[in-house]
Amino acid sequence: MDFNESTTLDAVLTSFENAADDRTKQVLQAVTRHLHELVREVRPSMREWEQAIAFLTEVGNRCDDTRQEFVLLSDVLGVSMLVETMNGDPAGTEGTVLGPFHMVDSPARELGDTIDLIGGGTPCVVSGAVTDPSGTPLPGATVDVWQCNEDGFYDVQQPDTQPPGNGRGLFRTDHNGRYWFRTVVPSHYPIPTDGPVGRLLHSAGRHPNRPAHIHFIAHAPGHRSVTTHVFVADSPYVDSDAVFAVKRTLIVDFAESTDADEAARYGVTAPFRHARFDIHLAPEGDQAP
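Right, let's walk through the structure included here. Once a new chain begins, its residue numbering starts again from 1 and follows that chain's sequence as written. Side-chain atom pairs in this predicted model are given and counted only at pLDDT of 80 or more, local residue features only at pLDDT of at least 70, and totals for whole chains, interfaces and linings cover all residues. Where side-chain values are given, they derive from all heavy atoms of the structure, hydrogens and water being excluded.

1. Looking at the packing of helix 3 (residues 46–61) against helix 4 (residues 69–76)
- Closest axis-to-axis distance for the helix 3/helix 4 pair is 7 Å, and the angle between their directions is 125 degrees. In terms of their interaxial angle, helix 3 and helix 4 are classed as oblique. Of the residues in helix 4, those touching helix 3 at F55, L56, V59 and G60 are E69, F70 and L73.
- A per-class count over the contact of helix 3 with helix 4 returns 5 nonpolar, 1 polar and 1 charged. To define axes, lines are fitted to C-alpha atoms, for helices over the stretch in contact only, and angles between the resulting N-to-C directions are given on a 0 to 180 degree scale. A run of DSSP states H or I qualifies as a helix once it reaches four residues; a run of E qualifies as a strand once it reaches two. Both are numbered from the N-terminal end. Reported orientations rely on four angle classes, namely roughly parallel under 35 degrees, roughly antiparallel over 145, roughly perpendicular from 65 to 115, and oblique for the rest. Only heavy atoms matter for contacts: two residues are in contact if any of them lie within 4.5 Å across the pair. Ten residue types, Ala, Val, Leu, Ile, Met, Phe, Trp, Tyr, Cys and Pro, are classed as nonpolar, four, Asp, Glu, Lys and Arg, as charged, and the remainder, Gly among them, as polar.

If you want it as structure tokens, here you go:
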């Protein structure tokens, strides 16, 4: 009953003693401890507390079927990358953030199909193999890809100019674990700045830009899935990604080719760009403690 600054924390921690399970109790008590520590450190005024509540409320209100503002907030605070890194497996390809635009199912496509449905930009071929850490191919693995167009926009951002599914595709590797598809070279772009997360970045003096990249989720039965990116090596902002997702192992040279015969084999015209990205999936249960 005598709730004051010195007794607050213990009172709230005790209230969670009868949580449904030990993990729920651990998480709720840890969140409470750290949140109370934060409040004691910054000592917000009542007006600042109200502003914080209003900010979080607006973040929630900006979430819809094609935009996840809370994921965006997690991204710019580095929390998404921290969670990805902690849950990664050193034997497999490094993971990165899911991002706020994996909001719709990627359409199933055949190997070699194009995910560029509007025919613009520099032609590009992306190819590689999905294997286990020893290099053994994983036939029938799924490779889910999505990217922005050459102007830096995803299909869900431009429903009036991009058809649904543009820049997206779900592929299955062949009997040698290989995949390949056609696309355009994506552009660097700013994350959405017209909401509360954008205002946060502005007040912090941070730029909102992401380097050019293609998203991947790879999965094979009996193996740990990985969510990752391929970053275009010569892209602006590759050294200052707004969501901290760049890792050296994921920077890939999108090399230009002027070979007309090679272009014809891939079903594109020269000159075109070609990126090679192999994905390694660790077996389930092999995650380091």
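2. Let's talk about the sheet that holds strand 3 (residues 168–172)
- Each pair of strands is called paired provided DSSP finds at least two bridges between the two strands. Spatially, 3-2-7-8-9 is the arrangement adopted by the 5 strands of the open sheet, whose pairing is mixed. With partners counted over all chains shown, the strands left at the sheet margins are strand 3 and strand 9 (251–252), one partner each.
- Here strand 8 (residues 226–232) runs beside strand 9; their pairing, made up of 2 bridges, is parallel. Bridging across to strand 9, F231 finds its partner in I251.

3. Section: unusual backbone geometry
- Of note, the amide linkage connecting A270 to P271 takes the cis form, showing an omega dihedral of 0 degrees.
- Relative to the helices and strands, P271 is located in the loop between helix 7 (260–266) and strand 11 (272–276).
- Of note, the phi angle at R43 is positive, near 45 degrees, even though the residue is not glycine.
- Relative to the elements of secondary structure, R43 occurs in the loop between helix 2 (22–42) and helix 3.
- Here R43 falls in the exposed class, since its relative accessible area comes to 53%. The cut-offs for exposure are 20% and 50% of the maximum accessible area for each residue type, with area from a 1.4 Å probe on protein chains only; residues under the lower value are buried, those over the upper are exposed, and the others partly exposed.

4. Points about a nonpolar patch on the surface
- Nonpolar side chains collect at one region of the surface, where V27, V31, L35, L38, V39 and V42 lie side by side and expose about 490 Å² of accessible area between them.
- Mapped onto the elements, V31 comes out in helix 2.
- Taking relative accessible area as the criterion, V31 reaches 49% and is therefore assigned partly exposed. Surface patches are drawn from residues lacking salt bridges whose relative accessible area is over 30%; two like charges belong together within 9 Å, two nonpolar side chains (Val, Leu, Ile, Met, Phe, Trp, Tyr) within 5 Å. All accessibility values rest on the Shrake-Rupley procedure with a 1.4 Å probe; residue burial counts only the protein chains present in the view. Any Lys or Arg side-chain nitrogen located within 4 Å of an Asp or Glu carboxyl oxygen qualifies as a salt bridge.

5. Looking at helix 6 (residues 196–204)
- By the burial criterion, the buried members of helix 6 are P196, V197, G198 and L201.
- Contacts made by the buried residues of helix 6 are with helix 3 and helix 4.
- Looking at the residues trailing helix 6, positive phi occurs at G205, about 70 degrees.

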